[in-house]
Amino acid sequence: MRAALFEENDLQAITPDTLMKYAEAAGWKKVGEYGSYSYIYGADGKPEILIPHTADLADYIDGVSRLIRYFAMAAKKDERSVFLDLTYARCDVVRARAGGDQDSLPFNAALDLINGSNKLLEAALRSLNNRKKAYKGPIGKNAELLDKIRFGQTEKGSLVITLLTPPIEPSHEETQAPMETVNDPIERRLTRHLMQTLDAARAAVDQTAKGESGAFERAVEKGVSANLCEALVEMATPFPSLRIEITWAKTLPMKTERSEARFVKDNVGILEKAADELKPQTDAHKDEQEALRKEK
């Protein structure tokens, strides 16, 4: 019997192709057919499952619900998370997770996370094809992509916001192997570059904390900029920790299902200083910032 966790229309909207791609990404493989309307999928250490290859079945919704339950058990996730993964299967999903144990948060802290996430995407888009220490003025090329990013449902946690790219359709004939090419759709190139800049910023923070100089200057070639550092400062300041995850669209698989970068509150000071040093400044402004740092 179908558990009343989800609306019937939402379950009906999950296509057989989405179910198959999700199963394959999770380690199942097609091993045969069952009757005229379903495929058998098997995997070591996981239950054998049936996936219909048509949605025109009387019990299709019940079948989708059962598959969500099996997927959740195999991945040790809650069914709600799996349902959202299936709903967003054609999109790259950027999640910003604020650390903390609170059931609710100050409104301004939530706004900082949302506004900072927008600036983070903007910084990544600016540096996608033009690496600079800092950016001003109009975004320029591909600016319309930001208008197509959707705000998804918030998820369980202290505060988890979800940003969805437009659906990603592969331009390659072969979609089973992980792809990372310059011919990828612009949506994938943006999210892949965003992850690269976050990894580079994370590494620069660690190197700076160890006393190495010039780490952020070197990271500019990977897309790190003053704009990116400022966005991270805005997002991370109100919370004990900040984790940014990207779940890759099942329609264009990557080598791993998701990637993430984590920052903690102690990183904020390093990121603030990096942003200040990457921006072009007058001598007077440099003296002012140095005085402020000494006061802290």
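Since this is a predicted model, take the numbers as computed values, not measurements. (Residues numbered from 1 in each chain as written. Predicted model: local features only at pLDDT ≥ 70, side-chain atom pairs only at ≥ 80, totals over all residues. Heavy atoms only, no water.)

Draft legend 1. The arrangement of unusual backbone geometry in detail. Although it is not a glycine, Lys76 sits at a positive phi angle of roughly 55°. Position of Lys76 relative to the elements: it lies in the loop between helix 3 (60-75) and helix 4 (79-87). Under the relative-accessibility criterion, Lys76 is labelled exposed at 79%. Phi is positive for Asn142, close to 70°, though the residue is something other than glycine. With respect to the element layout, Asn142 can be found in the loop between helix 5 (107-127) and helix 6 (144-148). Since its relative accessible area comes to 18%, Asn142 is described here as buried. (Helix = DSSP H or I, 4+ residues; strand = E, 2+ residues; numbered from the N terminus. Buried < 20%, exposed > 50% of the residue type's maximum accessible area, 1.4 Å probe, protein only.)

Draft legend 2. Summary view of the environment of Val233. Mapped onto the elements, Val233 comes out in helix 9 (residues 226-236). Owing to a relative accessible area of 12%, Val233 belongs among the buried residues under this scheme. Sequence-wise, Val233 and Leu271 are 38 residues apart; in three dimensions their C-alpha atoms are separated by 6.4 Å.

Draft legend 3. Expanded view of the pairing of strand 4 (residues 93-98). Burial analysis of strand 4 places six of its six residues in the buried class, the great majority of the element. A two-sided burial pattern is seen for strand 4, the buried positions comprising Val93, Arg95 and Arg97 on one face and Val94, Ala96 and Ala98 on the other. Here strand 4 pairs with strand 6 (residues 159-164) via six bridges, running antiparallel. Considered in strand 6, the bridge of Arg97 is made with Val160. Direction of pairing for strand 4 relative to strand 7 (residues 241-247): antiparallel, over a ladder of six bridges. Across the sheet, Ala98 pairs through a bridge with Leu242, a residue of strand 7. (Pairing = 2+ DSSP bridges.)

Draft legend 4. The arrangement of the environment of Asp56 in detail. Of note, Asp56 is situated in the loop between strand 3 (46-52) and helix 3. According to the relative accessible area criterion, Asp56 is exposed, its value standing at 71%. Along the chain, Asp56 and Tyr37 lie 19 residues apart, while their C-alpha atoms are 9.3 Å from each other.

Draft legend 5. Structural detail: the sheet that holds strand 1 (residues 29-34). The three strands lie next to each other as 1-2-3, forming an open sheet whose pairing is antiparallel. Of all strands in the sheet, those with a lone pairing partner are strand 1 and strand 3, marking the two edges. Geometrically, the sheet is characterised by an average inter-axis angle of 30° between neighbouring strands, direction not taken into account. In this structure, strand 1 lies alongside strand 2 (residues 38-43), joined through five bridges in antiparallel fashion. Residue pairing in the sheet places Glu33 in a bridge with Tyr39 of strand 2. Contacting strand 2 and strand 3, helix 2 (residues 16-25) crosses the sheet at an angle of about 160° to strand 3. (Axes fitted to C-alpha atoms, helices over the stretch in contact; angles between N-to-C directions. Contact = heavy atoms within 4.5 Å.)

Draft legend 6. Quick peek at the sheet that holds strand 5 (residues 150-151). An order of 5-6-4-7-8 is seen for the five strands of this open sheet, with the pairing classed as antiparallel. Edge positions in the open sheet fall to strand 5 and strand 8 (258-264), since each of these has one partner strand only. Relative to strand 8, strand 7 runs antiparallel, the two being bridged by seven bridges. Paired with Thr247 across the strands is Arg258, a residue of strand 8. Across the sheet, helix 5 is in contact with strand 4, strand 5, strand 6 and strand 7; its angle to strand 6 comes to roughly 30°. The strands touched by helix 7 (residues 186-209) are strand 4, strand 7 and strand 8; relative to strand 8, the strand with the most contacts, the crossing angle is about 35°.

Draft legend 7. Structural context of the confidence of the model for the protein chain. For the protein chain, mean pLDDT is 88; residues scoring 70 or higher make up 88% of the total. In the predicted structure, residues 173-178 sits below a pLDDT of 50 and forms 10 contacts with residues beyond four places in sequence or in another chain. (pLDDT = per-residue confidence, 0-100.)

Draft legend 8. The arrangement of the packing of helix 2 against helix 3 in detail. It is the contact of helix 2 with helix 3, at a shortest axis distance of 12 Å, that shows an interaxial angle of 15°. Judged on the interaxial angle alone, helix 3 and helix 2 are roughly parallel. Where helix 2 crosses over helix 3, the two elements pack in a sense that is left-handed. Between helix 2 and helix 3, the residues in contact are Pro16, Leu19, Tyr22 and Ala23 and Tyr60, Val64, Leu67 and Phe71, respectively. Split into classes, the residues belonging to the contact of helix 2 with helix 3 amount to eight nonpolar, no polar and no charged. (Parallel < 35°, antiparallel > 145°, perpendicular 65-115°, else oblique. Left-handed = near helix turned anticlockwise from the far one by under 90°. Nonpolar A, V, L, I, M, F, W, Y, C, P; charged D, E, K, R; others polar.)

Draft legend 9. Fine view of the pattern of salt bridges. According to the stated counting rule, one finds 15 salt bridges in the structure shown. When the shortest N-O distance is used, the salt bridge between Asp85 and Arg95 registers 3.4 Å. With Asp85 in helix 4 and Arg95 in strand 4, the pair connects residues that are 10 residues apart, well separated along the chain. Exposure remark for Arg95: the relative accessible area of 2% places this residue in the buried category. Across the pair Lys133 and Glu217 runs a salt bridge, and its minimum N-O distance is 3.0 Å. Pair noted here: Lys133 is in the loop between helix 5 and helix 6 and Glu217 is in helix 8 (residues 215-219), with a separation of 84 residues, a long-range link. A relative accessible area of 37% means that Lys133 is categorised as partly exposed. Counted as one network, the salt bridges with shared partners bring together Arg97, Arg243, Glu245, Arg258 and Glu260. (Salt bridge = Lys/Arg side-chain N within 4 Å of Asp/Glu carboxyl O.)

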